[in-house]
There are 2 protein chains.
Amino acid sequence: MVKKPAPDASRRSERSRRAIYDAALALVGEVGFPKTTVEGIAARAGVGKQTIYRWWSSKADVLLEAFLDLGERAAQAAGQQSDAIPDTGDLAADLKFVLRATVDELCDPRFETPARALAAEGLVNPQLGAEFVAKLLEPQLQLYVRRLRSAQQAGAVRPDIDPRIALELFVSPLAQRWLQRTGPITYAYTDTLVDYALHGLAPR
Amino acid sequence: MVKKPAPDASRRSERSRRAIYDAALALVGEVGFPKTTVEGIAARAGVGKQTIYRWWSSKADVLLEAFLDLGERAAQAAGQQSDAIPDTGDLAADLKFVLRATVDELCDPRFETPARALAAEGLVNPQLGAEFVAKLLEPQLQLYVRRLRSAQQAGAVRPDIDPRIALELFVSPLAQRWLQRTGPITYAYTDTLVDYALHGLAPR
């Protein structure tokens, strides 16, 4: 017998789901990935463990969706679409715009603390690292690939450039400064990365 | 009363020191930084705990010197000086040469496993991260700063470029691919990074 959902069940589900995301992100930031458990997430979110297992198969799955949700909320708050890089025809301006938004996200403690805990685990746990790269990081990088391809069609990027490598010239420096705290992260810095990458270090 | 060292004491010390480095690197690679202890390093190296405390004040100090020693040995094995980037007058060739050597080091399991464990801890432990960046990573990066400054004097790099940021265009992509396993690490890849960074993505 299938139970009929109460009229407000989906709204209630939405609230539980959000509470579970928040609990998972907070917990992984506090105790790290290895000590985060589905039980701990459930207790913190005020739901039963079975509620979590109804929607997800593991703590990694919960965290993966929690980050996707966080990214979507950040993009909405900034009035952007989370699945595109603007294409105004001015490549430098478009890249600088998106990288500045990334600076804001990386420096937001709601994102930074859990993301750092997860990145640390990904370094030493190849399976988790691969899953998060494939589902969270690589889709973001593919947005740059698309934007650079469009720039190649418009003649703003040389046709022989491999966009998947090219994007790393401005994305990876920011990633390394954030991951390893090797230097300050500012708009001026990411603007400079874009200028250097587009025009090169050698005299023209 | 000061004890006179036996004639072969310094050679014996050197052997102990090397055994301690090897033990520290192996242990951190196996169990991670938090579970690595001075006691564990001592037991594995076959020395007393006090032997370690005579030379170092903490497990972090032991590991720091173990990595410095590993880097020196790798450079010697490759017939290079560990404290310089060649300056043949051909900037692209010199950068490609050093980055290819870095690829070899990053893919050497003797380096990779402990370095990954330590990098993971540095992500979530700001004090340790800052110490290792200051003492291990930043001195390496300053070698690139020096080489790029020399290139600026020779007219091969634009005078308005900030060398400390510029080096990140080719160093950070390699670092991120290694840290997060976001793509293959090959000589062709690092050669491409150098070409893109020097000449830029935009048509000339």
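So, how was this worked out
Residues numbered from 1 in each chain as written. Chains lettered and ligands numbered in written order. Predicted model: local features only at pLDDT ≥ 70, side-chain atom pairs only at ≥ 80, totals over all residues. Heavy atoms only, no water. UniProt positions renumbered as here; feature names shortened; annotations may be inferred. Helix = DSSP H or I, 4+ residues; strand = E, 2+ residues; numbered from the N terminus. Axes fitted to C-alpha atoms, helices over the stretch in contact; angles between N-to-C directions. Left-handed = near helix turned anticlockwise from the far one by under 90°. Contact = heavy atoms within 4.5 Å. Nonpolar A, V, L, I, M, F, W, Y, C, P; charged D, E, K, R; others polar. Core = buried A, V, L, I, M, F, W, Y, C linked by side-chain atoms within 4.5 Å. Buried < 20%, exposed > 50% of the residue type's maximum accessible area, 1.4 Å probe, protein only. Domains from an automatic or database assignment. Expected span 1.5 Å × (residues − 1). Polar contact = N/O pair within 3.5 Å; in protein donor to acceptor, adjacent residues only side chain to side chain. Least-squares fit on C-alpha atoms with pLDDT ≥ 70 in both.

Colleague: How would you explain the UniProt feature "domain: HTH tetR-type" (unreviewed entry) in chain A if you had to name every residue and give the values?
Modeller: With numbering matched to this structure, UniProt assigns "domain: HTH tetR-type" (unreviewed entry) to residues 14-74 of chain A. A distance of 18 Å separates the end C-alpha atoms of residues 14-74 of chain A, which is 80% helix and 0% strand.

Colleague: Please set out the packing of helix α9 (residues 168-180) of chain B against helix α10 (residues 187-199) of chain B residue by residue, giving values where relevant.
Modeller: Residues and elements named next belong to chain B. Viewed as axis vectors pointing N to C, α9 and α10 meet at an angle of 145°, and their least axial separation amounts to 8 Å. For the crossing formed where α9 meets α10, the hand is right-handed. Across from L169, F170, P173, L174 and R177 in α9, the residues of α10 making contact are Y189, T190, L193 and A197. In terms of residue class, the contact of α9 with α10 is made up of 7 nonpolar, 1 polar and 1 charged.

Colleague: If you had to explain the nonpolar core to someone new, which residues and values would you point to?
Modeller: If you look at the biggest cluster of nonpolar residues, it comprises 130 residues, and the most contacted ones within it are F67(A), F170(A), F67(B) and F170(B). The residues that make up this core include at least three from each of domain 1 (9-62) and domain 2 (84-204) of chain B. Discounting residues that sit within four places of it in the chain, F67(B) has contacts with L25(B), F111(B), P114(B), A115(B), L118(B), F132(B) and L136(B).

Colleague: Residues and numbers for helix α5 (residues 91-106) of chain B, please.
Modeller: All names here are of chain B. Over its 16 residues, α5 runs 22 Å from end to end, which matches the ideal 22 Å to within 8%, given 1.5 Å per residue. In this structure, the buried side of α5 is in contact with α6 (109-124), α7 (126-153), α9 and α10. The distance from a side-chain oxygen at the start of α5 to the backbone nitrogen of A92 is 3.3 Å, and the residue carrying that oxygen is D90.

Colleague: Describe the relation of the copies chain A and chain B, and please don't skip the residues or the numbers.
Modeller: Note on the identical chains: chain A maps onto chain B by a rotation of 180° and an axial translation of 0.0 Å, with an RMSD of 0.0 Å. Taken together, the rotation angle and the small translation identify this as a two-fold axis. Closest approach to the rotation axis among the C-alpha atoms of chain A is made by G200(A), whose C-alpha sits 1.8 Å away. Take the interface residues of chain A: 100% of them recur as interface residues in chain B, which is what a same-surface contact looks like.

Colleague: Explain unusual backbone geometry to me, and be specific about the residues and the numbers.
Modeller: Residue and element names in this part refer to chain A. Even without being glycine, R181 reaches a positive phi, approximately 50°. Tracing the chain through its elements places R181 in the loop between α9 (168-180) and α10 (187-199). Of the residues examined, R181 reaches a relative accessible area of 33% and is grouped as partly exposed.

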